[in-house]
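The primary structure of each chain is shown beneath.
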Amino acid sequence: MIDRRTFGKVVGAGAAGTAAASLIGLSGSAAAASSPPGPDAAPAPHAGSGSFPALKQVRAGELTIGYAESGPADGPAVILLHGWPYDIHSYVDVAPLLAAHGYRVVVPYLRGHGTTTFLSPTTFRNAQQSVIAHDIIALMDALRIKRAVLGGFDWGSRTADIIAALWPKRCKALVSVTGYLITDREKNKQPLPPAAEWAWWYQYYFATERGAQGFEKYRHDFAKLIWRNVSPSWNFDDATYDRTAAAFDNEDYVPIVIHNYRWRLGLAQGDARYDGIEARLAAAPDIAVPTVTLDGELDPFTPAGDGTAYRAKFTGPYDHRTLKGIGHNVPQEAPEAFARAVLDADRL
């Protein structure tokens, strides 16, 4: 098991060189590295101060994708996918920990975020689940990555789940926060208990024109409110938030976010070119690649039951961990636990 105090110092330093020196104990033995945390493990909410090296850009599919990269170019690939309303900095303290273990860590901005832009002004600003997965496959092709460990939360979990389910040869292993998140639009038509619906309040706000206008006008304050609501124990400062909020200045940010949530509720159409893939996803395909699922105990979207709600969907080597005291933004709140899950998934 990782020495949390040592790992925490590494994260605070935010430097790959220091990480390499401090993580020697992590690679002492495969058994030690793959040991899950005990049932009472409670990662402390984290507020890092790291930064990525200069961003890169690559043409991939209908986008030019901005991404951060850490670690050796010839190392085994790990692709880390952010959610909404977040950006690549959710992984700013995870990436050096994995790079120190020799991984090539790629952290892309999803469409509509940061420096990821459309090649054509006439392209449909589509954000249905399958097209975002296609973006990541296109990125892997552009970077000549045949196979990678995929990790994600929120939109990133959904995207990684889809690739693991439909293109398992491209996914060596998976780390998925909140488990199985492939969208079932028919199921989404069914009401949830009031407390669960409350957590999704913004989804219904976005369904209205007033909501779209309000999101456009207050995008900075809107996302900050979401951060506070879904990560109640994470004491992030303004600088940490503003670093991510800069990614929301993308001109396609609002159209992409609004389309994503409206599409999920059946209020917006997707692209007919992806109908076949969406039909496969509607059948809720199993995921057979080695997987570690993570739940934040304080995340309002975490299903009850310590992972049992989605356990049957993962048919390969598997482990589950609930992170006590942690909210929705798991990799930024608990970078050591997320990095350890990546290492362990790759060894399952």
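Owing to the predicted nature of the structure, the values given are computational and were not obtained by experimental measurement.

> Explain the pattern of salt bridges to me, and be specific about the residues and the numbers.
Inspection of the entire model under this criterion finds 15 salt bridges. Across the pair Lys189 and Glu186 runs a salt bridge, and its minimum N-O distance is 3.0 Å. In this pair, the class of Lys189 matches that of Glu186, namely exposed. Notably, a salt bridge pairs Arg273 with Asp271, separated by 2.8 Å at the nearest N-O pair. Judged by relative accessible area, Arg273 falls into the exposed class, the value being 60%. Via salt bridges that share partners, Glu62, Arg111, Asp135, Asp271 and Arg273 belong to a single interconnected network.

> Go over helix α5 (residues 129–142) with me, naming the residues and quoting the values.
Given a rise of 1.5 Å per residue, 14 residues ought to cover 20 Å, and the 20 Å separating the end C-alpha atoms of α5 matches this to within 8%. By the criterion of burial, α5 is predominantly enclosed, with eleven of the 14 residues buried. Of all the positions in α5, only Gln129, Ser130, Val131, Ile132, Ala133, Asp135, Ile136, Ile137, Ala138, Leu139 and Met140 are classed as buried. Just past α5, the residue Arg144 takes up positive phi, approximately 60°.

> Go over the pairing of strand β4 (residues 104–108), please, and point to the residues and values.
Taken residue by residue, a regular strand's side chains alternate between the two faces of the sheet. Counting buried residues along β4, five of its five residues qualify, which places the element largely inside the surrounding structure. The alternating pattern of β4 places Arg104, Val106 and Pro108 on one face and Val105 and Val107 on the opposite face, and all of these are buried. In this sheet, β4 lies alongside strand β2 (residues 63–70) in antiparallel orientation, the contact comprising four bridges. Its bridge partner being in β4, Ala68 is matched across the sheet by Val107. As defined by bridge partners, strand β3 (residues 77–81) adjoins β4 across three bridges and the pair is classed as parallel. Looking at the pairing, Val78 lines up with Val105 of β4.

About the thresholds
- Residues numbered from 1 in each chain as written.
- Predicted model: local features only at pLDDT ≥ 70, side-chain atom pairs only at ≥ 80, totals over all residues.
- Heavy atoms only, no water.
- Salt bridge = Lys/Arg side-chain N within 4 Å of Asp/Glu carboxyl O.
- Buried < 20%, exposed > 50% of the residue type's maximum accessible area, 1.4 Å probe, protein only.
- Helix = DSSP H or I, 4+ residues; strand = E, 2+ residues; numbered from the N terminus.
- Expected span 1.5 Å × (residues − 1).
- Pairing = 2+ DSSP bridges.

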